[in-house]
Amino acid sequence: LMASAKKFEEELERVKKEHVEEVERVKIELEEELDRAREEVMAGRRDRQQRQRQQEVEDEAEEADKKHRLEEKITTLEKELRSKSIEMAVLEDELERQENFHEQMEETHSEQLTSLQRQYEEMEEENAKLTEQNDSLTNIAKEFKNKMQEMLTTRAENWGEIERLKGEI
């Protein structure tokens with residue numbers, strides 16, 4: 001019985017250790033995934049800011065070029081200005097579409113981040129429950145071991161009493 005109790009206790013410790021290792025592994029994976037999602041969101045923001053800055057630089061250069069051509073040829077500039085206005089409208093539409101796309105991507109990443117955080121919290125709750133169950137099983141095993149010890153002690157005492165009585169008989 002003692003060997004059985006010891007085996008049970010060893011198995012309980014092994015399962016407990018495996019559970020802790022699994023929870024730690026999942027926790028690390030979730031943290032890594034959370035970090036990657038954050039990096040993607042930040043990269044999207046940086047890309048959009050860089051495009052906006054680049055667009056501003058391009059717009060400033062284009063304005064300077066327009067002014068220079070205006071001084072040289074007003075007539076030619078009017079034709080080019082119409083053409084550029086159309087191109088600007090197309091670029092603005094494209095820029096707006098890209099900004100909308102990036103905003104949607106940020107929302108998607110934000111939703112994914114929220115989902116990952118919720119999953120992480122659920123795993124923490126599950127871990128707490130399993131830890132509580134594990135502690136309860138450990139206590140039951142200790143009680144079982146103590147009862148077994150008491151039974152073995154009582155049995156040994158009874159056996160000693162029987163031997164003593166046999167000796168008297």
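Residues numbered from 1 in each chain as written. Predicted model: local features only at pLDDT ≥ 70, side-chain atom pairs only at ≥ 80, totals over all residues. Heavy atoms only, no water.

Trainee: Give me the lowdown on the overall build of the protein, citing residues and values where you can.
Mentor: On a plain count of helices and strands, the protein comes out with 2 helices and 0 strands. Against the 2.2 N^0.38 benchmark of 15 Å for 169 residues, the protein shows a C-alpha radius of gyration of 38 Å, more extended than a compact globule. Structurally, the protein occupies a C-alpha span of about 140 × 15 × 15 Å along its principal axes. Per-residue burial over the protein gives 14% buried out of 169 residues. In the protein, the proportion of contacts linking residues at least 24 apart, taken out of those at least 6 apart, comes to 84%. (Helix = DSSP H or I, 4+ residues; strand = E, 2+ residues; numbered from the N terminus. Rg over C-alpha atoms; globule rule 2.2 N^0.38 Å. Buried < 20%, exposed > 50% of the residue type's maximum accessible area, 1.4 Å probe, protein only. Contact = heavy atoms within 4.5 Å.)

Trainee: Go over the pattern of salt bridges, please, and point to the residues and values.
Mentor: Throughout the structure, instances matching the rule amount to 14 salt bridges. A salt bridge links Lys 6 to Glu 10, with the shortest nitrogen-to-oxygen separation between them at 4.0 Å. With a gap of 4 residues between them, Lys 6 and Glu 10 both fall in helix α1 (residues 2-72), about one helical turn apart. Residue class for Lys 6 comes out exposed when judged on its relative accessible area of 52%. The class of Glu 10 is partly exposed, set by a relative accessible area of 46%. Ionic pairing is found between Glu 11 and Arg 14, a salt bridge with its closest N-O pair at 2.3 Å. With Glu 11 and Arg 14 both in helix α1, this residue pair falls 3 residues apart, about one helical turn. Judged by its relative accessible area of 37%, Glu 11 falls in the partly exposed class. (Salt bridge = Lys/Arg side-chain N within 4 Å of Asp/Glu carboxyl O.)

Trainee: Go over a negative patch on the surface with me, naming the residues and quoting the values.
Mentor: A cluster of like negative charges, contributed by Glu 24, Glu 31, Glu 32, Glu 121, Glu 122, Glu 124, Glu 125 and Glu 126, occupies part of the molecular surface. Of all the secondary-structure elements, those providing two or more residues to the negative patch are α1 and α2 (74-168). With 5 residues, the single largest contributor to the negative patch is α2. Within the secondary structure layout, Glu 31 lies in helix α1. (Patch = residues over 30% accessible without salt bridge, like charges linked within 9 Å, V, L, I, M, F, W, Y side chains within 5 Å. Areas by Shrake-Rupley, 256 points an atom, 1.4 Å probe, with all protein chains shown as cover. Lys, Arg positive; Asp, Glu negative; His and termini not counted. Charge placed at Lys NZ, Arg CZ, Asp CG, Glu CD.)

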